[in-house]
Amino acid sequence: MGRLTFSINVTLDGCVDHQEGIADDETHAFFTRLMDEGGAMLWGRITYEMMESYWPAVARGDVEAPPAIRAWAVKLEAKPKYVVSSTRTDFPWSNSHHIADDLRTGVQRLKDTTPAGVLLGSGKLATELDRLDLIDEYRLLVHPRIAGRGPTLYQGGLPSARRLELVSAKPLHNGAVAMHYRRER
């Protein structure tokens with residue numbers, strides 16, 4: 001069984017708005033390594049639609065992008081992508097699949113059939129999956145910023161605190177810190 005790893009950019013005050021982080025080669029390299037290590041991506045509909053509106057065009061070369069960004073887009077194009085949505089059923093982006101089952105059942109099945117693990121990149125979906133006790137690891141890229149606004153991690157709350165074990169912490173040259181935590185069971 002593969003692990004479900006929640007990974008996201010977050011500011012010091014917990015903001016997860018993707019526009020508040022540092023978007024540079026080092027940040028993209030961090031997420032490329034995570035994507036390379038995992039067997040599949042898991043998103044909610046909103047994150048999927050945000051990604052689908054930009055990255056396929058970068059992968060095709062329709063949008064000008066630096067080589068590192070284009071390489072990431074090409075890898076993302078090939079990676080299996082799973083989407084949780086109750087309002088949309090058609091996901092035409094290559095290698096995209098809909099999880100239509102009960103959330104717990106569908107995600108557990110995905111974990112069970114993906115030995116290399118699943119990388120979760122949606123904040124709202126992470127809250128729901130954490131409530132179901134399905135997240136195994138957290139790979140947060142903490143940016144040296146205070147947004148002072150915007151959506152935050154676990155904005156909807158959790159029924160209880162989560163105890164985590166620090167696996168690693170690595171500062172990046174851009175000032176962000178890559179934090180890797182494993183859930184204590």
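Predicted model only: the values in this text are computed from it and were never measured.

Conventions used here
Residues numbered from 1 in each chain as written. Predicted model: local features only at pLDDT ≥ 70, side-chain atom pairs only at ≥ 80, totals over all residues. Heavy atoms only, no water. Buried < 20%, exposed > 50% of the residue type's maximum accessible area, 1.4 Å probe, protein only. Helix = DSSP H or I, 4+ residues; strand = E, 2+ residues; numbered from the N terminus. Pairing = 2+ DSSP bridges. Axes fitted to C-alpha atoms, helices over the stretch in contact; angles between N-to-C directions. Phe/Tyr/Trp six-rings, centres within 6.5 Å; stacked < 30°, edge-to-face > 60°. Salt bridge = Lys/Arg side-chain N within 4 Å of Asp/Glu carboxyl O.

**Overview of helix α6 (residues 123–131)**
Point 1. By the burial criterion, the buried members of α6 are L125, A126, T127, L129 and D130.
Point 2. Backbone geometry just after α6 places D133 at a positive phi near 65°.

**Section: the sheet that holds strand β8 (residues 177–183)**
Point 1. Strand order in this open sheet of eight strands is β4-β3-β2-β5-β1-β6-β8-β7, and the pairing throughout is mixed. Every interior strand has two partners, whereas the edge strands, β4 (96–99) and β7 (164–171), have only one. Each strand axis lies, on average, 25° off the axis of its neighbour in the sheet, ignoring direction.
Point 2. As defined by bridge partners, β7 adjoins β8 across seven bridges and the pair is classed as antiparallel. Note on β8: the bridge partner recorded for L166 is Y181.

**A few points about the packing of aromatic side chains**
Point 1. A full pass over the atoms with the stated rule returns eight aromatic pairs.
Point 2. Considering the side-chain rings of W43 and W93, the 5.8 Å spacing of their centres and the 20° angle between planes classify their relative orientation as stacked. You can see W43 sitting in strand β2 (residues 40–44) and its partner W93 sitting in the loop between β3 (81–84) and β4, a full 50 residues away along the chain.
Point 3. The interplanar angle of 75° and the centroid separation of 4.9 Å between the aromatic rings of Y54 and W55 together place this pair among those described as edge-to-face.
Point 4. Judged by its relative accessible area of 10%, W55 falls in the buried class.
Point 5. Here the aromatic cluster, defined as three or more aromatic residues joined through ring pairs, consists of W43, Y48, F91 and W93.

**Remarks on the pattern of salt bridges**
Point 1. In this structure the tally under the stated criterion is 17 salt bridges.
Point 2. Salt-bridge contacts for D136 lead to K111; the nearest nitrogen and oxygen are separated by 3.0 Å. Separated by 25 residues along the polypeptide, D136 in the loop between α6 and β6 (137–143) and K111 in helix α5 (residues 103–112) bring together distant segments of the chain. You'll find D136 and K111 in the same group, each marked buried.
Point 3. Residues D130 and R162 are paired through a salt bridge, measuring 2.9 Å at the closest nitrogen-oxygen approach. Taken together, the residues span a long stretch of sequence, with D130 in helix α6 and R162 in the loop between β6 and β7 at a distance of 32 residues. By the burial criterion, D130 is buried, and R162 matches it.
Point 4. A cluster of three or more residues bridged by salt bridges with shared partners is formed by R45, E49, E52 and R88.

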